[in-house]
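Geometric and topological summary
Now for the letters of each chain:
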Amino acid sequence: MTGQGHKAGAALAIAADVRAGRRSAVSVVTAVIGDIEARDTRFNSVTRILGPAAVAQAEEVDKAVAAGRDPGPLAGVPFGVKDLFDVRGEVTTAGSIVLRDNLPATRDAEVVERLRAAGAVPVATLNMDEFAYGFSTENAHTGTTRNPHDPARLAGGSSGGSAASVAAGLLPFTLGSDTNGSIRVPSSLCGVWGLKPTYGQMPLRGVYPFVASLDVVGPMADTVEDLRAVYGIMAGGLHMGEPDVGDVRVARLGGWFAENISPELAAGIDRVMAHLGHDRVIELPEVARARASAFLISAAEGGNLHLPRLRRRAMQYDPATRGRLMAGAMLPAATFVQAQRFRRWFREHVHAALANADVLVAPTTVGVAPRIDQPSITVNGRTVSARANLGIFTQPISLAGLPVLAAPLAVDGLPQGIQLIGAPGGEAKLFAVATELQRAGLAACRPIEAGYARKDS
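Cut-offs and rules
Residues numbered from 1 in each chain as written. Predicted model: local features only at pLDDT ≥ 70, side-chain atom pairs only at ≥ 80, totals over all residues. Heavy atoms only, no water. Pairing = 2+ DSSP bridges. Helix = DSSP H or I, 4+ residues; strand = E, 2+ residues; numbered from the N terminus. Contact = heavy atoms within 4.5 Å. Axes fitted to C-alpha atoms, helices over the stretch in contact; angles between N-to-C directions. Salt bridge = Lys/Arg side-chain N within 4 Å of Asp/Glu carboxyl O. Buried < 20%, exposed > 50% of the residue type's maximum accessible area, 1.4 Å probe, protein only. Polar contact = N/O pair within 3.5 Å; in protein donor to acceptor, adjacent residues only side chain to side chain. Parallel < 35°, antiparallel > 145°, perpendicular 65-115°, else oblique. Left-handed = near helix turned anticlockwise from the far one by under 90°. Nonpolar A, V, L, I, M, F, W, Y, C, P; charged D, E, K, R; others polar. Phe/Tyr/Trp six-rings, centres within 6.5 Å; stacked < 30°, edge-to-face > 60°. Core = buried A, V, L, I, M, F, W, Y, C linked by side-chain atoms within 4.5 Å.

Before going further, it helps to examine the sheet that holds strand β7 (residues 193–196). In space, the 11 strands of this open sheet follow the order β1-β3-β2-β6-β8-β7-β14-β15-β11-β9-β10, with mixed pairing throughout. Edge positions in the open sheet fall to β1 (46–49) and β10 (281–282), since each of these has one partner strand only. Where strand β9 (residues 250–253) lies against strand β11 (residues 359–363), 3 bridges are found, and the strand directions are parallel. Bridging across to β11, alanine 251 finds its partner in leucine 360. Across the sheet, helix α5 (residues 160–167) touches β2 (78–82), β3 (121–126), β6 (173–178) and β8 (216–221), and the angle it forms with β6 is around 155°. Along the sheet face, helix α7 (residues 224–234) touches β6, β7, β8 and β14 (404–408) and points at about 150° away from the line of β8.

This part is about the pattern of salt bridges. As enumerated under the stated definition, the model contains 23 salt bridges in all. Glutamate 242 serves as the salt-bridge partner of arginine 228, at 2.8 Å between the closest nitrogen and oxygen. Within this pair, whereas arginine 228 is found in helix α7, its partner glutamate 242 is found in the loop between α7 and β9, the two being separated by 14 residues in sequence. With relative accessibility at 34%, the residue glutamate 242 sits in the partly exposed group.

This paragraph deals with the side chain of aspartate 178. Inspection of the secondary structure puts aspartate 178 in strand β6. Within the local environment of aspartate 178, its side chain forms a polar contact with the side chain of arginine 184, the two groups lying 2.8 Å apart. In this view, aspartate 178 contacts Ile183, Arg184, Lys196, Leu214, Asp215, Val216 and Ser398; residues no more than four positions away in its chain are not counted.

This next bit is on unusual backbone geometry. A cis amide bond links glycine 157 with the next residue in sequence, serine 158, at an omega value of 10°. Topologically, serine 158 is positioned in the loop between β5 (150–154) and α5. With phi around 55°, alanine 94 is a residue other than glycine that occupies positive phi space. Topologically, alanine 94 is positioned in the loop between β2 and α4 (110–117).

Before going further, it helps to spend a moment on the packing of α7 against helix α14 (residues 427–439). Relative orientation of the contacting elements α7 and α14 amounts to 160°, with a least axis distance of 10 Å. With respect to α14, the element α7 is oriented roughly antiparallel. Viewed along their axes, α7 and α14 form a crossing whose handedness is left-handed. Residue-level contacts link Val224, Glu225, Leu227, Arg228 and Tyr231 of α7 to Glu427, Phe431, Ala434, Thr435 and Gln438 of α14. Taken together, the residues of the contact of α7 with α14 sort by class into 5 nonpolar, 2 polar and 3 charged.

Attention now moves to α7. With 9 of 11 residues buried, α7 lies mostly within the body of the structure. Within α7, burial applies to Val224, Glu225, Asp226, Leu227, Val230, Tyr231, Gly232, Ile233 and Met234. In the stretch just after α7, glycine 236 is the one whose phi turns positive, near 90°.

This part covers the packing of aromatic side chains. Evaluated as defined, the whole model comprises 8 aromatic pairs. Between phenylalanine 257 and phenylalanine 393 the ring centres are 5.9 Å apart and the planes differ by 40°, which places this aromatic pair in the tilted class. In this pair, phenylalanine 257 sits in the loop between β9 and α8 (263–276) while phenylalanine 393 sits in the loop between α12 (386–389) and α13 (395–399), placing the two residues 136 residues apart along the sequence. Per residue, the accessibility class of phenylalanine 257 equals that of phenylalanine 393, and both read buried. Put simply, the rings of Phe131, Tyr208 and Tyr317 touch in pairs and so form one group of aromatic residues.

On to the nonpolar core, then. Phe85, Leu115, Phe173, Leu175, Leu284, Ile418 and Leu420 are the most contacted members of the largest nonpolar core, which totals 140 residues. Not counting the four nearest positions on each side in its chain, leucine 420 is found in contact with Val359, Leu360, Val361, Pro403, Val404, Leu405, Leu430, Val433, Ala434 and Leu437.

This part takes up the side chain of threonine 145. Assignment of secondary structure puts threonine 145 in the loop between β3 and β4 (146–147). At 2.8 Å, the side chain of threonine 145 forms a polar contact with the backbone oxygen of asparagine 44. Sequence-distant contacts of threonine 145, defined by excluding residues within four places in its chain, comprise Phe43, Asn44, Ser45, Asn127, Thr137, Arg153, Leu154, Ala155, Gly160, Gly161 and Ala164.

This part covers the pairing of β11. Within β11, 5 of the 5 residues are buried, which leaves the element mostly enclosed by the surrounding structure. Alternating positions in β11 separate into two faces, Val359, Val361 and Pro363 on one and Leu360 and Ala362 on the other, with burial throughout. Two strands pair when backbone bridges link them, and β11 and strand β15 (residues 417–422) are joined in this way by 5 bridges, in the antiparallel orientation. Within the sheet, the bridge partner assigned to proline 363 lies in β15 and is isoleucine 418.

Time to look at the pairing of β15. The element β15 is extensively covered by neighbouring structure, given that 6 of its 6 residues are classed as buried. On β15, burial covers both faces: Gly417, Gln419 and Ile421 on one face and Ile418, Leu420 and Gly422 on the other are all buried. Note that β14 and β15 share 5 bridges and pair antiparallel. Bridge pairing links proline 408 to glycine 417 in β15.

This is the structure we're talking about:
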């Protein structure tokens, strides 16, 4: 699908209407909840609807508007959170029955707290791979999230519910986490915008951990404008000055990142590079080893985190998650140390490459979403598990701690996407390139049916 061009952000449009009194926050929130109840049975993106609490907060937003008080820049905007973010009054399950008997959270995760303070209203928790360990959102406890563009296909993961609910038009923005690609992979397969900020930039208080060396949280949205606005609030009120895209040096990643991708995706990247007027290709060293190191670090830290509980309650885990965590817990310490040493080496080489380019362009996945009944992809002529291997292009970048903006290419057929990769703290340049691609119609989200866009009757 091409030529969509620029459009105003849905979240910002809702906030403008609520702030101006053209719509009430309560009507927006109740309409979204009704839409989720009516349509999410097809996608399984939502695990819980936070109805009474969401309506109560929306009422407070409307009272602020009526009293002439500032209700916040995201006044009345409904959003959802991956079910590893604490939401006060709710049990954070991290996609597992293992945690379902825990006490409810007494306060929000810090980024959720910041969004509430800006007037946004959490209305749902969202499906995910158990404990964020997977790329497909196939969950033995909560079921598989289906891709809104073709419900016979995977949504990707581990933030699959977050991406699918935006792609389905159920929510204008959502929150996810990204350790090895868990925002970027589902963003690509569902055709939405997503941001993995610089490692260490976002507060992780109140977010269930997976891999401390790699964990990052970020937003997904249906426009660049919404993504930028939500990111700024999550980052503590950050206001970015966006450079002129003509001053941003762009290069394409070759080698590992040019192999195994679909012809349509390769052609889409060609169009992007031609439009931006750049033809430089950069190859990173030892990418396969970087991916292996990310695998080892994730397995070791995740296994170590869960080992005490695995010893007591292993059979309650999703079998696919259990096996990977137990294997990780048994890795020799020397293997983990070597992977961390390599990580430092690789990060230095990637940062050196970024001295010659501000933004690197790479595919996010090898192609379109795999079918649910055939959850596999082809890599180097071999059929491999989608759950473990959809991140072949995202895992190496995670190892370097870089910010990455996932852009949905405007292509015919099922969604495919690219990564815009920057230097640490270089999010503004990523947004400059993304804004230009959206303006030119080369990148665009295609929500199936945006229920939140309906005006009050």
